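# What the coordinates show
The residues making up each chain are set out below.
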Amino acid sequence: MLNFFTPALVLLLQEGGRIAQMKQSALNPDLSKFLVIGALLFIIGVAGVLTRRNIIVIFMSIELILNAANLNFIAFSRYLQETGSANALAGQIFTVFVIVVAAAEAAIGLGIVIALYRNKETIWVDEIDLLKW
Amino acid sequence: MTLSGYEALFFWIFALAAIFAGLLTVMARNAVHSALFLISSLVSVAALFVLARAEFIAGVQILVYVGGVMVLFLFVIMLVNVGAEERGHEEIFNNQRQVAASLIFCLLLVGGVLYAVNKGYAGLQRLHPTTADTAAQQQSARESSYATSATAASKITKDAEGVGNSLYRYASLPFEIASVLLLVAIIGSVMLARTLRQEASADDLGPEVLKVEIVNDPELANLEPQSE
Amino acid sequence: MQKYIWLVPLLPLIGAAINGLLGRKFRFSETLIGGIAVGSVALAFLISVAAVYSYGFGGHAEWPKPYVTSQDGFSFDWIPGGAVRINQGAHEGTAAEASRFALLNVEWSYQLDPLSSIFMLIVTGVGLCIFVFATGYMHGEAGYYRFFAYMGLFMFAMLVLVMGSNFLMMFVGWEGVGLCSYLLIGYYFDRQEAANASRKAFITNRIGDFGFALAIFGIIAAFGSAQYTEVFNQAKGYPIELLGHWGILSWIALGLFVGACGKSAQLPLHVWLPDAMAGPTPVSALIHAATMVTAGLYMVTRTNVIFQHSQTMLLVVALVGAATAIFAATIGITQNDIKRVLAYSTVSQLGFMFMACGVGAFVIGIFHVMTHAFFKALMFLGAGSVIHGMHHEQDMRRMGGLKKYMPYTYWTFMAGWLAICGVIPFSGFWSKDEILWNAASTTHIPLGWIVWLVGTIAATCTAFYMTRLMAMTFWGKERFLEQPAGGEADEAHAAAYTKGMAPHDATRAAAGDRPRHEPGEHVGPVHEDVAHHVATHGHGEHHGAHMPHESPPSMWVPLVALAVLATIGGLIGIGPAFRTVTGSEHPGGRLNISTWLKPIIWNPSTREFNSAEGTGHEAAPAEAAHAETAAATSETGGEAAHGTAAAYGDTGYNLAHTIEGATHSELATEWLFIIISLVVAGIGMLLGGLFYVWRPALAGVWAQRLRPLYNASYNKYWVDEFYGWAVTRRTMDAARAVFRFDSGIVDGIVNGLAWLSRQVSLVVGAIDKYIVDGLVNTVAAFIMRLMSPLFRAAQTGFTQNYALVMVLGLMIAVAIFFARDIFGR
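To start, this report covers the structure provided alongside it. Predicted, not measured: the structure shown is a model, and the values here were computed from it. (Residues numbered from 1 in each chain as written. Chains lettered and ligands numbered in written order. Predicted model: local features only at pLDDT ≥ 70, side-chain atom pairs only at ≥ 80, totals over all residues. Heavy atoms only, no water.)

## Overview of the overall build of chain A
Within chain A one finds five helices and zero strands. Along chain A, from the amino end to the carboxyl end, the secondary structure elements read α-α-α-α-α. Residue burial in chain A is summarised as follows: out of 133 residues, 58% are buried. Residue pairs in contact within chain A that sit at least 24 positions apart in sequence constitute 53% of those at least 6 positions apart. A total accessible area of about 5700 Å² is found for chain A, and carbon and sulfur atoms account for 68% of it. (Helix = DSSP H or I, 4+ residues; strand = E, 2+ residues; numbered from the N terminus. Buried < 20%, exposed > 50% of the residue type's maximum accessible area, 1.4 Å probe, protein only. Contact = heavy atoms within 4.5 Å. Areas by Shrake-Rupley, 256 points an atom, 1.4 Å probe, with all protein chains shown as cover.)

Structure, rendered in structure tokens:
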């Protein structure tokens, strides 16, 4: 439950009085927590894109990435509503469009996968390396 | 927007669920498992949306993303034969070097992003300082003006109303463009996923290509439309 | 009338221009061409006569002063002042020194004075006769217009030569007559012999011209002007350079004499004149007898003040003249070609003329020029008539007995024969006798008696060979009846005939003019096959076309005119020996040639022109002077020649004085010499008659007995062969050596440079190709080898690799974004 991966953790730990603060902030998650969650999701998605062989799974990892971005948008939208910005709902609007794009991209991408599968009989990405030297 | 109480609890539950599901999406052997884990991740994120007072978007996420996109994914998974993978004979991860490099990069990214978020939020705090109590007070003050739902158990938020206002007033052009985009996507996907026979019968194959393909698939000749 | 003398050269030039430029283009008829040519010369002659009359005998006669046309306006600024700066260094201490750097100013104007008037008349008068003769002689020639164009051009050049008022005009005329001589000797340009002869003439002339040019430069440098009047005025003040002293005037005289040798065919530059007989006979008559060859005499007499300042040069002139006279006379004895005999006779007579000038008797030299022009032109034209009548046969051995076939030619030729032999009262006697008398009695130079002796022997030879010519040509047996004769009667044909029926052509050296005949006459082309000729005409037969005939009137009328002149022309120079008969030393006043020419002759004792000569008494100091030096002599008359004893010092043994000492009478001495020259002429004529009329066999016998001498004479003393070996072939060798040098070394250097450039370019190219390009290629290949795998390795085709790179970029972007915060603080 603690954010181990804060690079400034070392520096923060040097200031011992921060522990209580950290507990406090853990009990009352606010914007930063949302952002952190989004960041983690994003990175997991990136790892999946880079690592998996199955092209469908790569696509799903891409969906994860887009979701993480959506989460960021929504979190900021909420935050801005509370801090009184006039255009706070822009985040949610943007999310709608992200979802639209994600859907379109998924459709096209999966069409490509199907065509690729019909021609190459494979879904393993590392077997589709024709554009090499 | 400090969450407190049950909201905090649910936040942590759904947050960890989303992360965990995402992790498993990436690490599952079976593609269908992967898809299912992704669905759960998406649903968790939708819950997080609700916690962030974006109920409309949560609904859209469930309906469109989960109900449309993920179903499409599942269809495609089924179309594509993943038998070998299921039986565990195939390697699901790339070669070692790629994986190692990816992990290193991702770890570095984690460090960087987290540091950035902390730093940024510290700045935001300085900009708009707010404590938990003041935040809760503001929230309740806001919600007091909401209408009550039919069952009188909760208030009806203004989120959908707000999204609709913004979307059709200020974002109407992007909205229309998005619809065109969807149209293009539809056409594209239909065209991309055509089979050879479908193309031949629609007279979309060039004669040289047809000649080559007829060697492989003699029935293509029957499908040839009469030239006028 | 004097002021129209500028027309005299111009008229023949216009005639020549019309004939030459338009004659062929518009196909003038022979009559028209001849008419233009003869008319222009005749007009020039008439103007000359009128001008000379008006100059010498008219109402406002200017004689004895020279008349220059620039006095009356005709003067053309030929080389205006400023063209040449000259240093009059030789004239120190005079007013001229003040203008040390004078500007040469040469004008084109004509001078009419006693000397030029004589030559004007000779050139136009004798020229007129020859032109008329030529209209008949050259009848039927294809190049009729060309002949008269060249002749007219020659007349122009000769007249410019004799009428010019300065040395540069004389030089222009000098070169012009040389050119025309070349053109006219080579008139039959398709014959090898003529081409060779014309070249020889021109080149030999050129050698002389070189000396002449140097002399002109010397004159300009010494006197600051080229104008006669100016030069001679200055020159007469110079001191006389006696024998052994050689000064500037001797140098100038030497250069002038070299030019005269070339032009007037004296030893050693005489070789061109006999060969020049390859030209048509009128050319030989006009140019090589009467006019061009006398240009040297004109020049020597014109510059007599310069020559008389240099005793050495006078001696040289006299000795060269004497040597030439005897040399050519001995050759003429053995020659068989009629024109060649006359040519050597001309050379010999020119030697006589130079003898006269050398001993100081310039007037007599000019007198002999005049009489020689008459009788030699006459004899050449007569020979031309003979040749024409004999159908272009020139070998005297095939002539004989022509007396009855060609009477006009015969009688006129006889007049010339008697004149040249020196028989009184024909013209040749007067001039030749005076020459010999002046040679014997000269006080200008030593060794006068040798000159007299040589001259007398030469006169004997002259009489001999001229009588021989008469005998072989006109008297005796008609040899042409036996020998093959006719149109092809030249040596080549004869030789081929004797060898058999071999075909022959005219490119072989031949002696004689090309035959020209009307269609219808039997004579065919010279390259006609002998067999054909014999077949058609038979061998040894004679028929009408081969008989000699008299020439048409256009040819014998000029002969008659010249014969008259040859007979009576000498009377203008009746010598002082006849003063008892005529009453004065130089009878006739101005008509006497000595009187007429006196103004241009410089007297070394009085150091003036036109000085008292033959008046009997010198100025008192001169009398006393020569009375002292002539101790062993006593003279009753005052010969101007004795007066020069003071000027030239003791000239050694003087034959005339010796005899005079014995006879104590100058008149007797003179008559003694007259008798001697008549006797030797008679001896020569008698010997000629003996050998060739009364005892023809004796000629062959004596030729055998004197075989070496005969061979030497017949082969012209092998002078041509010697020149060929010493000069011509050595020049060719030098030319070949220079050519080898040029093609080997100079061209070799140039080619070598080219070769070097090519080698350098090869090297540079190799450097560029292998080193520079190699370097570039190596570096490029190295880079390629180095980087190529790296870049290729990046193109894995594996999409996730690319995604990895994108993530890397993202990290870098984040790092940059937060760099300030991370590191900057």
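What follows picks up the thread again.
## What about the interface of chain A and chain C?
Chain A puts 15 residues into the contact, and the matching count from chain C is 14 residues. Summed over both sides, the interface between chain A and chain C buries roughly 990 Å², with carbon and sulfur atoms accounting for 66% of that surface. Across the chain A-chain C interface, the total number found is zero salt bridges. Summed over the shared surface of chain A and chain C, the result is two residue pairs in polar contact (both at pLDDT 80 or more). Here the side of chain A that touches chain C takes five residues from helix 3 (residues 31-51) of chain A, the largest share from any one element. Counted by class, the side of chain A that touches chain C contains 10 nonpolar, one polar and four charged residues. (Buried area = accessible area lost by both parts, 1.4 Å probe. Salt bridge = Lys/Arg side-chain N within 4 Å of Asp/Glu carboxyl O. Polar contact = N/O pair within 3.5 Å; in protein donor to acceptor, adjacent residues only side chain to side chain. Nonpolar A, V, L, I, M, F, W, Y, C, P; charged D, E, K, R; others polar.)

## A few points about the interface of chain B and chain A
With 91 residues of chain B at the contact, the number on the chain A side is 75 residues. Buried surface at the junction of chain B and chain A, both sides included, amounts to about 7600 Å², of which 76% is carbon and sulfur. Put simply, chain B and chain A have zero salt bridges between them. Viewed at the interface, chain A and chain B are joined by 14 residue pairs in polar contact (both at pLDDT 80 or more).

## Describing unusual backbone geometry
A negative phi angle characterises most non-glycine residues, just as the trans form characterises most peptide bonds. Here the bond from Leu267 of chain C into Pro268 of chain C is cis, since omega is -5°, no more than 30 degrees from zero. Here Pro268 of chain C is to be found in the loop between helix 9 (248-263) and helix 10 (272-275). Look at the link from Ile424 of chain C to Pro425 of chain C: it is a cis peptide, with omega at 0°. By the secondary structure assignment, Pro425 of chain C is in the loop between helix 17 (407-421) and helix 18 (427-440). If you check the backbone angles, Arg53 of chain B has positive phi at about 60° while not being a glycine. Among the structural elements, Arg53 of chain B can be located in the loop between helix 2 (31-51) and helix 3 (55-79). Despite not being glycine, Ala265 of chain C shows a phi value in the positive range, around 55°. In this structure, Ala265 of chain C sits in the loop between helix 9 and helix 10.

Worth remembering: the numbers are spatial, not functional.
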